[in-house]
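What follows is the residue order along each chain.
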Amino acid sequence: MRKLTRFFLTHSSVLVYLCYVTLGLVLLFRFNAYQQSVGFTSASRIAGSVYSLSGAVTGYFGLQRTNNELLAQNGKLQDELAVLRDAVARAQAVDTLRAAATGSPENSVIAKVINNSVSRRNNYITLDKGEADGIVPEMGLADQNGVVGVVAAVSPQYAVALSLLNPNLRISCKIKRTGHIGSLSWRGEDVRYAGLDDLAAYIEVNAGDTVVTSGYSAAFPEGLIVGFIEDAQKVRKDHFYSLTVRLAADFSKLNFVRVIDNRKPQELVEIEKEVSGNE
Amino acid sequence: MNKVVVYRIAAVLLVFVLQVLMCNRIALWGYATPFLVVCLFLKIPSGAKLNIAMTFAFFVGLCIDIFTGTLGVYALASVTAVFPHHYLINRVQYREREEESFTPSAEILGWGGYTLYAALITAIFCVVLFCIDSFSFFAPAVLLGRIVGSTAFTLLIVLCIEIVSKKK
């Protein structure tokens, strides 16, 4: 304390000078508009620089948190984008499939393929629509190119269909140009081709002839494209002949399908059952 | 009342009036303004307490500020000019007079010493005054011209007064 007092006494003139300078500056800035304005501007500039520097430093330390927030936000936006893309794709597929179904009398439900196998011996297609959407077993499946399968089982929210690439599925088809009936099934080999069997020996076909559904089954209406004759050369199989058909649908790119309700009237079903029972 | 004190009060009042009413209105070639008030600071005795000297300078400057409408400008310049007063006297005075109190003059300090002492005090006063007055370095040449011009003009007057007072 004594040293402090001595210090002040020794340097009293400096302290008095600083006091007068302070007083003078107060008077200067308080009563002189020009100096006040220049001082305020300079002070603002200095304060701005200091705040800018401070902001840069604190901003640097806050980068980690900002980065985490941005990552979270980015993830959220990616999710929203995926949902929106899915919605857009669904809307486009619906338009395409409805355009393909124009003129058909049957009712149909648009469903998304959520699982599809092509590499197994027995292939199946899983749909994101089920019983709650009006899907029942034996309804047919077609995409914008052609027939792809038949519904085999349904749950309230999902449905599993036999793919056309399943040897257990046989579809009644006919050659569009001649009207001759045959039975189409996959041979378990190339996913692009299926066999059209039970053809009479006398019929004449050309390569490229269109194969369409016959309308005899409950799954499909008449005239849905199934594929095209690949080779006009018939192969003898038992007492009938067989042809190779290039399938219209690309099973490796299935995305959305139309589930076709072509069920026969209950009365017709009962009569058919009765006839079958009498045999 | 002591005759010397009356004489000094009268001198202060005279210088004050001359500075406010006449000198502040002079600007030779737009640059040189005489600051007669510096004479008061030059004549502060060497033995005077520096704190009292600064208080005197501050209030003299403040009085001029009040009349010129530049509150704080002359006060700051005056205090700053007086602050190194004792230091400068000690640098220019003869060594044998070191312990005595005296009023600085050409007779005591010699013309060279007094001129140097007066030039430094005047220069400090003018630098501070013009820097505070312009408060920016927007036109540094003009600022420098005013400082140099006013310092030279003031110094000339101070030396003239010194010559006249010496003859009397």
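For the structure, see preceding data.
Just so we're clear, the structure is a prediction, and the values are computed from it rather than from any experiment.

(A) Expanded view of the pattern of salt bridges. All names here are of chain A. For the structure on display, the rule yields 11 salt bridges over all chains. A salt bridge links Glu69 to Arg65; its shortest N-O distance comes to 3.6 Å. A residue pair is termed a helical-turn pair when its members lie 3 or 4 positions apart in one helix, as Glu69 and Arg65 do in helix H4 (residues 63-100) at 4 residues. Taken together, the salt bridges that share partners define one network made up of Arg170, Arg187 and Asp197.

(B) The side chain of Ser13(A), seen in detail. Along the polypeptide, Ser13(A) turns up in helix H2 (residues 12-31). If we skip the residues at most four places from it in the chain, Ser13(A) touches Leu50(B), Asn51(B), Met54(B) and Phe83(B).

(C) The nonpolar core, seen in detail. Membership of the largest hydrophobic core comes to 57 residues, with the highest contact counts inside it found for Phe41(B), Tyr114(B), Tyr117(B) and Phe125(B). Counting residues per element, the ones that place at least two in this core are H2 of chain A together with helix H1 (3-21), helix H2 (37-42), helix H3 (50-68), helix H4 (73-82), helix H5 (85-92), helix H6 (106-134) and helix H7 (140-167) of chain B. At 13 residues, H6(B) tops the list of elements feeding residues into this core. Those residues within four positions of Phe41(B) in sequence are excluded, and the remaining contacts are Phe56(B), Ala57(B), Val60(B), Ser78(B), Val82(B), His85(B), Tyr117(B) and Phe125(B). Residues Leu127(A), Val147(A), Leu162(A) and Ile203(A) belong to the second largest nonpolar core, which totals 44 residues.

(D) Representation of helix H3 (residues 33-61) of chain A within the structure. Taking 1.5 Å per residue as the helical rise, H3(A) with its 29 residues ought to reach 42 Å, and the 41 Å between its terminal C-alpha atoms agrees with that figure. Turning to H3(A), its buried residues number three or more, namely Gln35(A), Val38(A) and Gly39(A). The inward-facing, buried residues of H3(A) contact H2 of chain A together with H4 and H6 of chain B.

(E) Local environment of the sheet that holds strand S5 (residues 159-163) of chain A. All names here are of chain A. Read around the closed barrel, the 6 strands follow the order S1-S2-S5-S4-S3-S12; overall the barrel is antiparallel. When the angles between neighbouring strand axes are averaged without regard to direction, this sheet yields 40°. Pairing analysis gives 3 bridges linking strand S3 (residues 140-142) to strand S4 (residues 147-154), with the strands arranged antiparallel. Across the sheet, Leu141 pairs through a bridge with Gly149, a residue of S4.

(F) Focus on the packing of H3(B) against H4(B). Residue and element names in this part refer to chain B. Their axes nearest at 7 Å, the elements H3 and H4 cross at an angle of 155°. With respect to each other, H3 and H4 are oriented roughly antiparallel. Considering only the axes of H3 and H4, their crossing is right-handed. Two secondary-structure elements touch here, H3 through Leu50, Ala53, Met54, Ala57, Phe58, Gly61, Leu62, Ile64, Asp65 and Thr68 and H4 through Val73, Tyr74, Ala75, Ser78, Val79 and Val82. Taken together, the residues of the contact of H3 with H4 break down into 12 nonpolar, 3 polar and 1 charged.

Rules used throughout
- Residues numbered from 1 in each chain as written.
- Chains lettered and ligands numbered in written order.
- Predicted model: local features only at pLDDT ≥ 70, side-chain atom pairs only at ≥ 80, totals over all residues.
- Heavy atoms only, no water.
- Salt bridge = Lys/Arg side-chain N within 4 Å of Asp/Glu carboxyl O.
- Helix = DSSP H or I, 4+ residues; strand = E, 2+ residues; numbered from the N terminus.
- Contact = heavy atoms within 4.5 Å.
- Core = buried A, V, L, I, M, F, W, Y, C linked by side-chain atoms within 4.5 Å.
- Buried < 20%, exposed > 50% of the residue type's maximum accessible area, 1.4 Å probe, protein only.
- Expected span 1.5 Å × (residues − 1).
- Pairing = 2+ DSSP bridges.
- Axes fitted to C-alpha atoms, helices over the stretch in contact; angles between N-to-C directions.
- Parallel < 35°, antiparallel > 145°, perpendicular 65-115°, else oblique.
- Left-handed = near helix turned anticlockwise from the far one by under 90°.
- Nonpolar A, V, L, I, M, F, W, Y, C, P; charged D, E, K, R; others polar.

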